[in-house]
Amino acid sequence: MDSPFSEHLDSSYSPSDAEIPLIKALIQEKVHAIGMIDIETKGLEDSLAGLKARRKAHKIFIRKHKALIAPIKRLPPDILSTVFLACLPAIERPEASMTCNHPAVVISHVCRHWRQLAFDTPLLWSRIQLILPYISYCDPYYPPYHPANDEPDVNRAVASLFDAAIQRLFDTTTIWLARSRSCPLSICLEASEGAAGGFITSQLKSLEGSILTGLKRLVGLLLSQSKRWEQVRFKLAMDGHNPVFQLSRLLCLSPRDVPILRKASIVINPLDSVVEVPISPSVGLEPNHSYWDGFRMGTIHGQALQSLTLACPKAATKSKVLEVNWAGLTELSLRPYIWGPAGRRGGPHLTTDEALALLRLCPNLKRCNLAIGNGTIPWGTPPPVWDPRPTPVVAAQDRPLCRLPHLYSLILREDSRTDSLASALDLPSLRSFTQNSSIFWPRPPPSPEGLESYYSSSDAEEEKLWNDIPLVEWVQRFGYTITSIDFKHVGVPQHAVEKCLEELPNLISLTIRSPFSESWGSTLPWLEDGDTAHGCLCPKLEDLVLNSVLGSVPVQLVFNETGVLEFLTGRAKASLKTVPEVSRVSKLRYVSVGFVKPKVVDIEEELSRRGFDLEGFIGEWNYPDPPKPRSYLQTPLISDPTMDDFAVSSPYVYA
């Protein structure tokens, strides 16, 4: 910008008295110019703001008019209500909690039309989830807890919180029941009749009255609608014979009180007041027999029942008190359960003969989950070591064959080497088989003298006894129809597993939840080169899960990154080499592996480098968490026991 003083700018020149007025005039001229520019800028800014406002108005206009023609607005109410129902989570999911975040509540707050439609869709409100709060105290011997001084005040505060929580659940349940009208109900209830997760202590005894009063109101509300129960999931910490307690009322209804009950899942955790006593040599340790003997769960005796899950003391499942319509069941699960403050696992429900007798009563089963054992090893003890001595068994020809023509999924949990169940079953539709054994298979003794104390037989017989895992008989009998198998036998020899896999030509999904007794070999016959799948184990395999993260298992027994990489690349080569017809080796589409060592190799990057086609492939690689750095300065945990320990979560563990 030109100026008569340009040559003197940014210098030490001092203007004369005559030059000073001229300089001031120049400055004033430019100040006036800036003012004019500001006025012009203001006009432009106002114009721009107007343009932006018009643009925003046009966008709002477009959005609102697009909303008018949105496809969802053209849906008939019956289809829209079906969409609403598809938003509901499973009854046991945390998202099903009856709060302001429940999908039914969120939907009803979108607009007036949706709100009215939500209220006119009673099925939207037919799932009742009640997870009652439990009371947990800090250790009474840990400061700053002082029973003599703090207990009355803490108990009053906790009782007040408990009562308020129960009142909220009661009010919400009342609203849900009213909005569901006459629709069948699905109910999920988790509750304890005692404090501290079901175990009454001297410090918590004074809260028992508040707990039982709240339970009485809720139980009464649910019982008033029992004729609408279609599905129930009860997880209860309870005392079955104490007349003061309330939860047993849910289980002792008559069949006419639950005429449409179709599915029942009941887990009972006996309270700590039960004394540990062995009830019979075939069961092991269980709660006091007399406590549960004769306990009649009439709620599950209805003729409409199709699915039954029980995890409770065996005395409560005796045939003389369990008058279930067995012939109507399509799903049956009898599982171990957790009881006592030490988390002891309840004994297995059935011996082999008892299991067969029960299965014969259920000819229409489609899915079955049973806990079986001969009673020599109580559940909850450390994993026992495999005993190679032959177990006395009943000859297969002495047992009538049990035919279950519709059973396609079978899960067995075994606590010891039991006599044959496979040989007494006829399962033409079996597709999915799971076998979970707590037995630990050790390596055979290094010399024949090591086995002499067990039995005297030929080397071949000894080898057979050490290598014939219970899975063998099942796959030999049903292997051709099985497409999915899941097993846990800790420490079995790899060649014993390969022997089983040879009998599974149609296997699509394989899950191994325990390591072999030696380092995993990824070579033949898992991967055999050639133009056909004849020499390759499980040629149709597509899904593979290797989960061997067990704290008590030596590192050398588990799956490692090198072995997994060799297996995957070798399998991919076998898939490319075989003829692309019926004999082709299938391409793996999903692999999940649990490692015990920290990550060293990026498996997918290494697979890509080796030419493995990752398109359509899903891999999950689970590694242990890195160790936390040790510090001598720890942040103290500061909490309010009347608030933080008053948690709404499950107070006990289920099997």
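Everything numeric here is computed off the predicted structure, so don't read it as measured data.

So, how was this worked out
- Residues numbered from 1 in each chain as written.
- Predicted model: local features only at pLDDT ≥ 70, side-chain atom pairs only at ≥ 80, totals over all residues.
- Heavy atoms only, no water.
- Helix = DSSP H or I, 4+ residues; strand = E, 2+ residues; numbered from the N terminus.
- Contact = heavy atoms within 4.5 Å.
- Areas by Shrake-Rupley, 256 points an atom, 1.4 Å probe, with all protein chains shown as cover.
- Buried < 20%, exposed > 50% of the residue type's maximum accessible area, 1.4 Å probe, protein only.
- Phe/Tyr/Trp six-rings, centres within 6.5 Å; stacked < 30°, edge-to-face > 60°.
- pLDDT = per-residue confidence, 0-100.
- Pairing = 2+ DSSP bridges.
- Patch = residues over 30% accessible without salt bridge, like charges linked within 9 Å, V, L, I, M, F, W, Y side chains within 5 Å.
- Salt bridge = Lys/Arg side-chain N within 4 Å of Asp/Glu carboxyl O.
- Arc of directions from axis to C-beta.
- Axes fitted to C-alpha atoms, helices over the stretch in contact; angles between N-to-C directions.
- Parallel < 35°, antiparallel > 145°, perpendicular 65-115°, else oblique.
- Nonpolar A, V, L, I, M, F, W, Y, C, P; charged D, E, K, R; others polar.
- Core = buried A, V, L, I, M, F, W, Y, C linked by side-chain atoms within 4.5 Å.
- Polar contact = N/O pair within 3.5 Å; in protein donor to acceptor, adjacent residues only side chain to side chain.

A. Just the overall build of the chain, in detail. Of the regular secondary structure elements, the chain holds 15 helices and 20 strands. Nonlocal contacts in the chain, meaning residues at least 24 apart in sequence, comprise 76% of its contacts between residues at least 6 apart. Working note: accessible area of the chain is about 34500 Å², and carbon and sulfur atoms make up 57% of it.

B. Broad picture of the side chain of T173. Position of T173 relative to the elements: it lies in helix α5 (residues 147-180). Residues contacting T173, with those up to four places away along its chain left out, are M98, I128, L130 and L221.

C. Region of interest: the environment of G616. Tracing the sequence through the fold places G616 in the loop between α15 (603-609) and β20 (618-622). Exposure remark for G616: the relative accessible area of 62% places this residue in the exposed category.

D. Structural view of the packing of aromatic side chains. Counted under the stated rule, the structure contains eight aromatic pairs. Considering the side-chain rings of W125 and W176, the 5.0 Å spacing of their centres and the 80° angle between planes classify their relative orientation as edge-to-face. Highlighted residues: W125 in the loop between α4 (112-119) and β1 (127-131) and W176 in helix α5, separated in sequence by 51 residues. Across the pair, W176 and W125 agree in class, each one buried. Their ring planes at 25° and their centres at 4.7 Å tell us that F433 and W474 sit as a pair that is stacked. Of this pair, F433 sits in strand β15 (residues 432-440) while W474 sits in helix α12 (residues 471-478), placing them 41 residues apart in sequence.

E. Summary view of the confidence of the model for the chain. Averaged over all residues, the pLDDT of the chain is 75; the fraction at 70 or higher stands at 67%. Counted against residues more than four places away or in other chains, residues 273-287, with its pLDDT under 50, gives 47 contacts. In the model, residues 527-533 has pLDDT below 50 throughout and makes 20 contacts with residues more than four positions away in sequence or in other chains.

F. Just the pairing of strand β3 (residues 229-238), in detail. Of the strand pairs in this sheet, strand β2 (residues 185-192) and β3 are connected by eight bridges, and their pairing is parallel. For I187, the partnering residue across the bridge sits in β3 and is V232. One ladder, built from eight bridges, connects β3 with strand β4 (residues 263-270); its direction is parallel. Its bridge partner lying in β4, R233 is registered against S265.

G. Here's a closer look at a nonpolar patch on the surface. Nonpolar side chains collect at one region of the surface, where I72, L75, I79 and V83 lie side by side and expose about 280 Å² of accessible area between them. Relative to the helices and strands, I79 resides in helix α2 (residues 77-86). What makes I79 partly exposed here is its relative accessible area of 39%.

H. Structural context of unusual backbone geometry. Even without being glycine, R181 reaches a positive phi, approximately 55°. Structurally, R181 is set in the loop between α5 and β2. With a relative accessible area of 47%, R181 lands in the partly exposed category. One non-glycine residue, C538, adopts positive backbone phi at about 50°.

I. Spotlight on the side chain of Q435. With respect to the helices and strands, the residue Q435 is situated in strand β15. For Q435, a relative accessible area of 1% translates into the label buried.

J. Highlighting the pattern of salt bridges. Summed over all chains, the structure comprises 14 salt bridges. The partner of E230 in a salt bridge is R262, with the nearest N and O atoms 3.6 Å apart. Here E230, found in strand β3, pairs with R262, found in the loop between β3 and β4; they are 32 residues apart in sequence, far enough to count as distant. For R262, a relative accessible area of 28% puts it in the partly exposed group. Among the ionic contacts, a cluster of salt bridges with common partners joins E566, E606, R609 and R610.

K. Highlighting α4. Where α4 is concerned, the buried positions are W114, L117 and A118. The buried residues of α4 occupy one face: seen down the axis, they fall within an arc of 100°. Where the residues of α4 are buried, they touch α2 and α3 (103-107).

L. Expanded view of the environment of P505. The topology assignment puts P505 in the loop between α13 (494-501) and β17 (509-512). Considering only alpha carbons, one finds P505 and P539, 34 residues apart in sequence, at a separation of 6.7 Å. Once you skip the residues sitting within four places of it in the chain, P505 turns out to touch G479, Y480, P539 and K540.

M. The packing of α2 against α4, seen in detail. It is the contact of α2 with α4, at a shortest axis distance of 10 Å, that shows an interaxial angle of 80°. Overall, the two elements α2 and α4 adopt an arrangement that is roughly perpendicular. Where α2 abuts α4, its residues P77, L80, S81 and F84 lie against H113, W114, L117 and A118. Taken together, the residues of the contact of α2 with α4 sort by class into six nonpolar, two polar and no charged.

N. View of the nonpolar core. With 120 residues, the main nonpolar core has W229, F234, M297, I300, L308 and W474 as its most contacted residues. Per element, the largest residue contribution to this core is eight residues, and it comes from helix α7 (residues 208-223). Other than its neighbours up to four places away in sequence, W474 contacts L410, L412, L421, A422, L425, L427, F433, Q435 and G479.

O. Up close: α13. Buried residues dominate α13, accounting for six of its eight residues. Those residues of α13 that fall on the buried side of the exposure criterion are Q494, A496, V497, E498, C500 and L501.

P. Representation of the environment of N369 in the model. Inspection of the secondary structure puts N369 in strand β11 (residues 367-372). Distance from N369 to Q435, taken between C-alpha atoms, is 9.9 Å for residues 66 residues apart in sequence. Excluding residues that lie within four positions of it along the chain, N369 makes contacts with L332, S333, L334, R335, I411 and R413. A distance of 3.5 Å separates polar atoms of two side chains, one belonging to N369 and the other to R413.

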